[in-house]
Amino acid sequence: MLIAVQPLDRLVRAVFTRKGCPEEEAARIAHYLIKANLTGHDSHGVIRVPRYLAWIDEGWMRPGQHVRALVDTPVLAVLDGQFGMGQTVGPEATRAGIAKAREQGVSVIALRNAGHLGRIGDFAEMAIEAGLLSIHFVNVYASLLVAPFGAASRRFSTNPVAIGVPTGDDAPFVLDFATAYVAEGKVLVAHQGGKPVPDTALVDEAGNLTGDPRALYGDQAGTSYPDPTRGKGALRPFGEHKGSGLALACELLAGALTGSGVNTGKSGAFHNGMLSIYLDPARFDTDDRFLADVRAFIAWVKAARPTDPVEGVLIPGDKERRTEAERRAGGIPLAADSWQAILDAARKVGLRDAEIAELLEDRAK
Ligand code: NAD
(Lines give C-alpha, C1' and ligand atoms only; values in the text may rest on other atoms or scores of the structure.)
Protein backbone atom coordinates (compact mmCIF):
# COMPACT_ATOMS: atom_id res chain seq x y z
CA MET A 1 0.00 0.00 0.00
CA LEU A 2 1.01 3.62 -0.54
CA ILE A 3 0.75 6.09 2.35
CA ALA A 4 1.07 9.87 1.93
CA VAL A 5 3.70 11.69 3.99
CA GLN A 6 1.43 14.04 5.99
CA PRO A 7 -0.92 11.49 7.58
CA LEU A 8 1.97 9.15 8.31
CA ASP A 9 3.82 12.03 9.98
CA ARG A 10 0.74 12.86 12.10
CA LEU A 11 0.37 9.23 13.20
CA VAL A 12 4.04 8.70 14.12
CA ARG A 13 4.14 11.99 16.06
CA ALA A 14 1.03 11.05 17.99
CA VAL A 15 2.46 7.60 18.85
CA PHE A 16 5.70 9.02 20.30
CA THR A 17 3.95 11.86 22.12
CA ARG A 18 1.72 9.26 23.79
CA LYS A 19 4.84 7.26 24.65
CA GLY A 20 6.25 10.20 26.64
CA CYS A 21 8.39 12.09 24.12
CA PRO A 22 8.11 15.88 24.20
CA GLU A 23 6.20 17.14 21.15
CA GLU A 24 9.27 18.53 19.36
CA GLU A 25 11.06 15.21 19.86
CA ALA A 26 8.09 13.23 18.56
CA ALA A 27 8.10 15.52 15.50
CA ARG A 28 11.83 14.85 14.96
CA ILE A 29 11.35 11.09 15.23
CA ALA A 30 8.55 11.22 12.66
CA HIS A 31 10.63 13.46 10.39
CA TYR A 32 13.74 11.25 10.39
CA LEU A 33 11.95 7.89 10.16
CA ILE A 34 9.86 9.16 7.25
CA LYS A 35 12.96 10.67 5.62
CA ALA A 36 14.53 7.18 5.67
CA ASN A 37 11.48 5.82 3.84
CA LEU A 38 11.49 8.73 1.42
CA THR A 39 15.13 8.11 0.54
CA GLY A 40 14.44 4.41 -0.01
CA HIS A 41 15.97 3.07 3.21
CA ASP A 42 12.82 1.39 4.46
CA SER A 43 14.79 -0.75 6.92
CA HIS A 44 15.41 2.49 8.89
CA GLY A 45 12.00 4.04 8.37
CA VAL A 46 8.59 3.77 10.08
CA ILE A 47 8.98 -0.01 10.25
CA ARG A 48 11.02 0.88 13.36
CA VAL A 49 8.04 2.37 15.26
CA PRO A 50 7.10 -0.84 17.15
CA ARG A 51 10.77 -1.60 17.79
CA TYR A 52 11.45 1.89 19.19
CA LEU A 53 8.48 1.54 21.54
CA ALA A 54 9.91 -1.76 22.78
CA TRP A 55 13.34 -0.16 23.18
CA ILE A 56 11.82 2.69 25.20
CA ASP A 57 10.27 0.02 27.45
CA GLU A 58 13.69 -1.64 27.77
CA GLY A 59 15.32 1.71 28.64
CA TRP A 60 17.50 1.51 25.50
CA MET A 61 15.94 4.72 24.13
CA ARG A 62 14.91 7.38 26.65
CA PRO A 63 12.49 10.17 25.75
CA GLY A 64 13.35 13.77 26.60
CA GLN A 65 17.13 13.33 27.02
CA HIS A 66 19.83 15.66 25.69
CA VAL A 67 23.57 15.28 25.14
CA ARG A 68 25.78 15.98 28.14
CA ALA A 69 29.30 17.30 27.45
CA LEU A 70 32.06 15.29 29.15
CA VAL A 71 34.84 17.09 27.27
CA ASP A 72 34.37 20.42 25.53
CA THR A 73 37.24 22.26 23.84
CA PRO A 74 37.10 24.60 20.82
CA VAL A 75 37.69 21.69 18.41
CA LEU A 76 36.63 18.59 20.32
CA ALA A 77 33.63 17.42 22.27
CA VAL A 78 32.94 14.09 23.93
CA LEU A 79 29.18 13.93 24.34
CA ASP A 80 27.13 11.43 26.29
CA GLY A 81 23.82 10.79 24.55
CA GLN A 82 22.45 9.33 27.80
CA PHE A 83 20.53 6.73 25.74
CA GLY A 84 18.33 9.58 24.51
CA MET A 85 16.37 9.23 21.29
CA GLY A 86 18.86 9.23 18.39
CA GLN A 87 16.69 11.73 16.52
CA THR A 88 17.38 14.22 19.34
CA VAL A 89 20.95 13.47 20.43
CA GLY A 90 22.23 12.83 16.87
CA PRO A 91 21.24 16.29 15.56
CA GLU A 92 22.46 17.90 18.82
CA ALA A 93 25.90 16.32 18.39
CA THR A 94 25.94 17.36 14.73
CA ARG A 95 25.05 20.97 15.56
CA ALA A 96 27.90 21.02 18.09
CA GLY A 97 30.32 19.79 15.40
CA ILE A 98 29.08 22.33 12.87
CA ALA A 99 29.40 25.24 15.33
CA LYS A 100 32.98 24.28 16.26
CA ALA A 101 34.08 23.68 12.65
CA ARG A 102 32.69 27.08 11.63
CA GLU A 103 34.81 28.70 14.32
CA GLN A 104 37.94 26.55 14.06
CA GLY A 105 37.86 25.11 10.52
CA VAL A 106 37.77 21.55 11.86
CA SER A 107 36.10 19.67 14.69
CA VAL A 108 35.74 16.18 16.08
CA ILE A 109 32.68 15.02 18.01
CA ALA A 110 32.64 11.72 19.89
CA LEU A 111 29.07 10.75 20.72
CA ARG A 112 28.53 7.84 23.08
CA ASN A 113 25.41 6.08 24.35
CA ALA A 114 23.06 7.35 21.65
CA GLY A 115 19.69 5.68 21.16
CA HIS A 116 19.37 4.32 17.60
CA LEU A 117 20.60 7.06 15.23
CA GLY A 118 18.76 5.78 12.17
CA ARG A 119 20.02 6.93 8.79
CA ILE A 120 23.52 8.36 9.29
CA GLY A 121 23.38 10.29 5.99
CA ASP A 122 21.02 12.73 7.75
CA PHE A 123 23.98 14.08 9.75
CA ALA A 124 26.18 14.37 6.65
CA GLU A 125 23.33 16.33 5.02
CA MET A 126 23.08 18.71 8.00
CA ALA A 127 26.79 19.44 7.67
CA ILE A 128 26.46 19.94 3.90
CA GLU A 129 23.72 22.51 4.49
CA ALA A 130 26.23 24.40 6.64
CA GLY A 131 28.81 24.17 3.80
CA LEU A 132 30.93 21.55 5.62
CA LEU A 133 32.43 18.19 4.75
CA SER A 134 31.89 15.45 7.30
CA ILE A 135 32.90 11.87 7.98
CA HIS A 136 30.98 9.63 10.39
CA PHE A 137 31.89 6.21 11.79
CA VAL A 138 29.23 4.36 13.77
CA ASN A 139 29.08 1.16 15.83
CA VAL A 140 26.09 -0.63 17.27
CA TYR A 141 26.57 -1.95 20.77
CA ALA A 142 24.83 -5.21 21.75
CA SER A 143 24.10 -6.20 18.16
CA LEU A 144 26.19 -9.00 16.67
CA LEU A 145 25.25 -9.78 13.07
CA VAL A 146 28.38 -9.75 10.88
CA ALA A 147 31.33 -12.16 10.73
CA PRO A 148 34.78 -10.69 10.01
CA PHE A 149 36.49 -11.69 6.74
CA GLY A 150 37.74 -15.27 7.05
CA ALA A 151 35.42 -16.13 9.96
CA ALA A 152 32.10 -17.89 10.47
CA SER A 153 31.13 -16.36 13.78
CA ARG A 154 29.73 -12.91 14.53
CA ARG A 155 31.93 -10.08 15.74
CA PHE A 156 30.48 -6.84 14.29
CA SER A 157 27.14 -5.19 13.78
CA THR A 158 26.27 -3.54 10.48
CA ASN A 159 28.46 -0.54 11.49
CA PRO A 160 27.65 2.25 9.02
CA VAL A 161 29.96 4.91 7.59
CA ALA A 162 28.87 8.20 6.00
CA ILE A 163 30.78 10.92 4.14
CA GLY A 164 29.22 14.16 2.93
CA VAL A 165 30.77 16.71 0.57
CA PRO A 166 29.05 19.99 -0.37
CA THR A 167 28.98 20.97 -4.03
CA GLY A 168 27.60 24.51 -3.87
CA ASP A 169 24.31 24.59 -5.78
CA ASP A 170 24.80 21.14 -7.34
CA ALA A 171 23.43 17.95 -5.80
CA PRO A 172 25.82 16.99 -2.97
CA PHE A 173 27.85 13.83 -2.47
CA VAL A 174 26.29 11.75 0.32
CA LEU A 175 27.91 8.35 0.75
CA ASP A 176 26.09 6.45 3.47
CA PHE A 177 26.13 2.68 3.87
CA ALA A 178 26.28 -0.18 6.32
CA THR A 179 29.51 -2.20 6.21
CA ALA A 180 27.47 -5.42 6.00
CA TYR A 181 27.13 -6.98 2.53
CA VAL A 182 23.39 -6.17 2.69
CA ALA A 183 21.28 -4.57 5.42
CA GLU A 184 19.63 -7.00 7.84
CA GLY A 185 16.27 -5.69 6.54
CA LYS A 186 17.08 -7.12 3.12
CA VAL A 187 17.77 -10.57 4.58
CA LEU A 188 14.44 -10.26 6.40
CA VAL A 189 12.66 -9.59 3.11
CA ALA A 190 14.32 -12.67 1.58
CA HIS A 191 13.39 -14.72 4.65
CA GLN A 192 9.76 -13.74 4.09
CA GLY A 193 9.88 -15.00 0.52
CA GLY A 194 10.76 -11.67 -1.11
CA LYS A 195 13.76 -10.78 -3.27
CA PRO A 196 16.64 -13.15 -2.52
CA VAL A 197 19.99 -11.80 -1.29
CA PRO A 198 23.19 -12.63 -3.23
CA ASP A 199 24.50 -16.13 -2.54
CA THR A 200 27.66 -14.69 -0.99
CA ALA A 201 25.89 -12.29 1.43
CA LEU A 202 25.91 -14.71 4.38
CA VAL A 203 28.13 -17.39 5.83
CA ASP A 204 26.77 -20.52 7.51
CA GLU A 205 27.98 -22.16 10.70
CA ALA A 206 30.40 -24.36 8.77
CA GLY A 207 31.93 -21.39 6.95
CA ASN A 208 30.18 -21.90 3.58
CA LEU A 209 29.08 -18.78 1.73
CA THR A 210 25.31 -18.73 1.23
CA GLY A 211 22.30 -16.60 0.41
CA ASP A 212 20.09 -18.63 2.75
CA PRO A 213 18.49 -16.30 5.37
CA ARG A 214 18.42 -19.20 7.86
CA ALA A 215 22.11 -18.48 8.48
CA LEU A 216 20.87 -15.35 10.30
CA TYR A 217 17.43 -16.37 11.56
CA GLY A 218 17.60 -20.16 11.97
CA ASP A 219 14.27 -21.92 11.46
CA GLN A 220 11.68 -19.27 12.31
CA ALA A 221 9.38 -19.84 9.36
CA GLY A 222 6.14 -17.86 9.42
CA THR A 223 7.31 -15.30 11.99
CA SER A 224 6.79 -11.68 10.86
CA TYR A 225 9.68 -10.29 12.92
CA PRO A 226 12.14 -13.16 13.30
CA ASP A 227 14.98 -12.74 15.77
CA PRO A 228 18.34 -12.34 13.94
CA THR A 229 20.24 -13.74 16.92
CA ARG A 230 18.75 -17.20 16.41
CA GLY A 231 20.75 -18.31 13.37
CA LYS A 232 24.12 -20.01 13.73
CA GLY A 233 25.74 -18.20 10.81
CA ALA A 234 26.24 -14.51 10.08
CA LEU A 235 26.02 -11.72 7.56
CA ARG A 236 29.29 -11.03 5.74
CA PRO A 237 30.93 -7.62 5.43
CA PHE A 238 30.84 -5.90 2.03
CA GLY A 239 34.07 -5.78 0.05
CA GLU A 240 35.74 -8.88 1.53
CA HIS A 241 38.78 -8.05 3.72
CA LYS A 242 38.53 -4.32 2.98
CA GLY A 243 34.95 -3.89 4.19
CA SER A 244 35.75 -6.13 7.13
CA GLY A 245 38.61 -3.79 8.05
CA LEU A 246 36.29 -0.79 7.81
CA ALA A 247 33.72 -2.48 10.09
CA LEU A 248 36.48 -3.15 12.60
CA ALA A 249 37.60 0.48 12.34
CA CYS A 250 34.02 1.53 13.24
CA GLU A 251 34.28 -0.45 16.48
CA LEU A 252 37.63 1.13 17.33
CA LEU A 253 36.64 4.70 16.43
CA ALA A 254 32.94 4.80 17.30
CA GLY A 255 32.99 2.24 20.12
CA ALA A 256 36.40 2.43 21.85
CA LEU A 257 37.43 6.05 21.20
CA THR A 258 34.02 7.59 21.95
CA GLY A 259 33.68 5.50 25.12
CA SER A 260 30.40 4.03 23.83
CA GLY A 261 31.71 0.48 24.22
CA VAL A 262 32.95 -2.23 21.83
CA ASN A 263 30.81 -5.18 20.85
CA THR A 264 32.46 -8.11 22.61
CA GLY A 265 29.20 -10.03 22.88
CA LYS A 266 28.30 -8.67 26.30
CA SER A 267 24.65 -7.85 26.84
CA GLY A 268 23.50 -4.34 27.69
CA ALA A 269 21.54 -1.52 26.16
CA PHE A 270 21.47 -1.58 22.36
CA HIS A 271 22.89 1.80 21.32
CA ASN A 272 25.04 3.64 18.79
CA GLY A 273 28.42 5.30 19.19
CA MET A 274 29.46 7.82 16.51
CA LEU A 275 32.75 9.53 15.80
CA SER A 276 32.24 12.52 13.48
CA ILE A 277 34.82 14.76 11.84
CA TYR A 278 33.77 18.13 10.36
CA LEU A 279 35.91 20.12 7.92
CA ASP A 280 35.28 23.62 6.57
CA PRO A 281 36.51 23.61 2.95
CA ALA A 282 36.80 27.42 2.97
CA ARG A 283 39.74 27.12 5.41
CA PHE A 284 41.63 24.73 3.10
CA ASP A 285 40.84 26.47 -0.15
CA THR A 286 43.82 28.79 -0.63
CA ASP A 287 43.33 28.89 -4.43
CA ASP A 288 39.56 29.25 -4.40
CA ARG A 289 39.08 26.11 -6.49
CA PHE A 290 37.56 23.51 -4.19
CA LEU A 291 33.98 23.75 -5.42
CA ALA A 292 35.03 23.98 -9.06
CA ASP A 293 37.19 20.86 -8.68
CA VAL A 294 34.46 18.94 -6.86
CA ARG A 295 31.90 19.80 -9.50
CA ALA A 296 34.26 19.10 -12.39
CA PHE A 297 35.19 15.71 -10.97
CA ILE A 298 31.61 14.67 -10.31
CA ALA A 299 30.64 15.75 -13.85
CA TRP A 300 33.55 13.71 -15.23
CA VAL A 301 32.47 10.62 -13.28
CA LYS A 302 28.86 10.99 -14.39
CA ALA A 303 29.93 11.33 -18.01
CA ALA A 304 31.45 7.82 -17.95
CA ARG A 305 29.82 5.39 -20.43
CA PRO A 306 26.97 3.76 -18.46
CA THR A 307 26.52 0.01 -18.47
CA ASP A 308 22.79 0.64 -18.02
CA PRO A 309 21.78 3.66 -20.11
CA VAL A 310 18.38 3.94 -18.38
CA GLU A 311 19.90 4.11 -14.87
CA GLY A 312 22.92 6.16 -15.97
CA VAL A 313 26.02 6.68 -13.81
CA LEU A 314 25.07 7.92 -10.35
CA ILE A 315 27.05 9.49 -7.55
CA PRO A 316 26.34 8.70 -3.90
CA GLY A 317 23.20 10.59 -2.93
CA ASP A 318 21.57 10.48 -6.40
CA LYS A 319 19.57 7.33 -5.78
CA GLU A 320 18.11 8.74 -2.55
CA ARG A 321 17.19 12.02 -4.26
CA ARG A 322 15.45 10.16 -7.09
CA THR A 323 13.55 7.94 -4.70
CA GLU A 324 12.55 10.90 -2.53
CA ALA A 325 11.13 12.80 -5.49
CA GLU A 326 9.09 9.74 -6.53
CA ARG A 327 7.82 8.96 -3.04
CA ARG A 328 6.94 12.54 -2.11
CA ALA A 329 4.76 12.63 -5.20
CA GLY A 330 3.43 9.07 -5.13
CA GLY A 331 3.45 8.07 -1.45
CA ILE A 332 5.52 5.72 0.67
CA PRO A 333 5.12 2.02 -0.08
CA LEU A 334 4.59 -0.11 3.03
CA ALA A 335 4.07 -3.85 3.29
CA ALA A 336 0.68 -4.76 4.78
CA ASP A 337 2.42 -6.50 7.72
CA SER A 338 4.52 -3.44 8.55
CA TRP A 339 1.49 -1.14 8.36
CA GLN A 340 -0.51 -3.45 10.63
CA ALA A 341 2.37 -3.50 13.14
CA ILE A 342 2.40 0.34 13.20
CA LEU A 343 -1.37 0.49 13.76
CA ASP A 344 -1.07 -2.11 16.55
CA ALA A 345 1.71 -0.01 18.12
CA ALA A 346 -0.55 3.08 17.95
CA ARG A 347 -3.34 1.20 19.76
CA LYS A 348 -0.85 -0.08 22.33
CA VAL A 349 0.12 3.45 23.36
CA GLY A 350 -3.59 4.22 23.84
CA LEU A 351 -4.70 5.81 20.58
CA ARG A 352 -8.32 4.91 19.91
CA ASP A 353 -9.42 3.76 16.45
CA ALA A 354 -11.38 6.99 15.93
CA GLU A 355 -8.28 9.07 16.76
CA ILE A 356 -6.16 6.98 14.42
CA ALA A 357 -8.75 7.41 11.65
CA GLU A 358 -8.70 11.17 12.15
CA LEU A 359 -4.89 11.33 12.05
CA LEU A 360 -4.92 9.27 8.88
CA GLU A 361 -7.49 11.30 7.00
CA ASP A 362 -6.45 11.53 3.32
CA ARG A 363 -3.84 8.88 3.92
CA ALA A 364 -4.10 7.22 0.55
CA LYS A 365 -2.14 8.47 -2.36
P1 NAD B 1 22.89 0.91 0.43
O2 NAD B 1 23.48 -0.43 0.23
O3 NAD B 1 21.59 1.23 -0.22
O4 NAD B 1 23.99 1.97 -0.04
C5 NAD B 1 23.67 3.32 0.02
C6 NAD B 1 24.79 4.16 -0.55
O7 NAD B 1 25.12 3.73 -1.88
C8 NAD B 1 24.28 5.60 -0.68
O9 NAD B 1 25.34 6.49 -0.49
C10 NAD B 1 23.78 5.62 -2.12
O11 NAD B 1 23.68 6.94 -2.66
C12 NAD B 1 24.83 4.80 -2.79
N13 NAD B 1 24.33 4.19 -4.05
C14 NAD B 1 23.24 3.40 -4.18
N15 NAD B 1 23.09 3.05 -5.47
C16 NAD B 1 24.11 3.64 -6.16
C17 NAD B 1 24.50 3.66 -7.55
N18 NAD B 1 23.79 3.00 -8.48
N19 NAD B 1 25.59 4.35 -7.89
C20 NAD B 1 26.31 5.02 -6.96
N21 NAD B 1 25.99 5.06 -5.64
C22 NAD B 1 24.91 4.37 -5.25
O23 NAD B 1 22.70 1.27 1.99
P24 NAD B 1 22.72 0.27 3.24
O25 NAD B 1 24.08 -0.26 3.42
O26 NAD B 1 21.58 -0.69 3.07
O27 NAD B 1 22.39 1.29 4.43
C28 NAD B 1 21.07 1.79 4.58
C29 NAD B 1 20.97 2.82 5.67
O30 NAD B 1 21.05 2.19 6.94
C31 NAD B 1 22.03 3.92 5.70
O32 NAD B 1 21.35 5.16 5.76
C33 NAD B 1 22.81 3.68 7.00
O34 NAD B 1 23.27 4.87 7.64
C35 NAD B 1 21.74 3.03 7.84
N36 NAD B 1 22.30 2.20 8.95
C37 NAD B 1 22.18 2.67 10.23
C38 NAD B 1 22.64 1.89 11.28
C39 NAD B 1 22.52 2.39 12.70
O40 NAD B 1 22.86 1.64 13.61
N41 NAD B 1 22.04 3.56 12.95
C42 NAD B 1 23.23 0.64 11.03
C43 NAD B 1 23.34 0.22 9.70
C44 NAD B 1 22.87 1.00 8.66
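Residues numbered from 1 in each chain as written. Predicted model: local features only at pLDDT ≥ 70, side-chain atom pairs only at ≥ 80, totals over all residues. Heavy atoms only, no water.

Q: With reference to specific residues and values, describe the overall build of the protein chain.
A: Within the protein chain one finds 13 helices and 12 strands. For a compact globule of 365 residues, the expected C-alpha radius of gyration is about 21 Å, and the protein chain comes in at 21 Å, within 12% of that figure. With respect to the principal axes defined by its C-alpha atoms, the protein chain has extents near 60 × 50 × 50 Å. With 365 residues in all, the protein chain has 49% of them scored as buried. Long-range contacts, defined as pairs at least 24 residues apart, comprise 67% of the intrachain contacts of the protein chain with a sequence gap of at least 6. Of the accessible surface of the protein chain, which amounts to about 16,800 Å², a share of 54% is contributed by carbon and sulfur atoms. (Helix = DSSP H or I, 4+ residues; strand = E, 2+ residues; numbered from the N terminus. Rg over C-alpha atoms; globule rule 2.2 N^0.38 Å. Buried < 20%, exposed > 50% of the residue type's maximum accessible area, 1.4 Å probe, protein only. Contact = heavy atoms within 4.5 Å. Areas by Shrake-Rupley, 256 points an atom, 1.4 Å probe, with all protein chains shown as cover.)

Q: Go over the environment of M126 with me, naming the residues and quoting the values.
A: As for its position among the elements, M126 is in helix α5 (residues 121-129). Along the primary structure M126 and I98 are separated by 28 residues, whereas in three dimensions their C-alpha atoms are 8.5 Å apart. Setting aside its immediate chain neighbours within four residues, M126 contacts Y32, P91, T94, R95 and I98.

Q: Any chance you could break down the sheet that holds strand β4 (residues 106-114) for me, citing the residues and the numbers?
A: Here 7 strands make up an open sheet; going across it, the order is β2-β3-β4-β11-β5-β6-β7 and the pairing mixed. Sheet topology places β2 (68-72) and β7 (173-178) at the edges, where each strand pairs with a single neighbour. This sheet shows a mean twist of 10° between the axes of neighbouring strands, independent of strand direction. One ladder, built from 7 bridges, connects β4 with strand β11 (residues 271-279); its direction is antiparallel. Note that in β11 the partner of V108 across the bridge is I277. Along the sheet, helix α4 (residues 86-104) makes contact with β2, β3 (76-80), β4 and β11, crossing β4 at roughly 165°. Against the sheet, helix α8 (residues 240-257) touches β5 (133-141), β6 (160-165), β7 and β11, its axis set at about 85° to β5. (Pairing = 2+ DSSP bridges. Axes fitted to C-alpha atoms, helices over the stretch in contact; angles between N-to-C directions.)

Q: If you had to explain the packing of α4 against α5 to someone new, which residues and values would you point to?
A: Working note: a packed helix pair is described by the angle between its axes plus the distance between those axes. Here α4 crosses α5 at 35°, and the two axes come no closer than 10 Å. Helix-helix and strand crossings are classified by hand; for α4 and α5 the assignment is right-handed. Side by side, α4 and α5 meet where G90, P91, T94, R95 and I98 of the first sit next to F123, M126 and A127 of the second. (Left-handed = near helix turned anticlockwise from the far one by under 90°.)

Q: Break down the layout of surface pockets for me, citing the residues and quoting the values.
A: There is about 290 Å³ of room inside the second largest pocket. Around the second largest pocket, the lining is made up of 16 residues, and of these K35, R119, E125, M126 and E129 lie nearest the centre. Contributions of two or more residues to the lining of the second largest pocket are made by α2 (23-38), α5 and α11 (318-330). Across the lining of the second largest pocket, the residue classes break down as 5 nonpolar, 3 polar and 8 charged. (1 Å grid on protein atoms, 1.4 Å probe; cavity = no way out; pocket = protein on both sides within 12 Å on 5 of 7 lines; lining within 4 Å. Points joined across faces, edges and corners; volume = space filled by probe spheres on them. Nonpolar A, V, L, I, M, F, W, Y, C, P; charged D, E, K, R; others polar.)

Q: Any details on the pattern of salt bridges? Residues and values, ideally.
A: Scanning the model with the defined rule gives 23 salt bridges in all. Between D353 and R347 there is a salt bridge, and its shortest N-O distance comes to 2.7 Å. Of the residues examined, R347 reaches a relative accessible area of 37% and is grouped as partly exposed. Here E355 ties to R352 by a salt bridge, and the two come within 3.8 Å at their closest N and O atoms. (Salt bridge = Lys/Arg side-chain N within 4 Å of Asp/Glu carboxyl O.)

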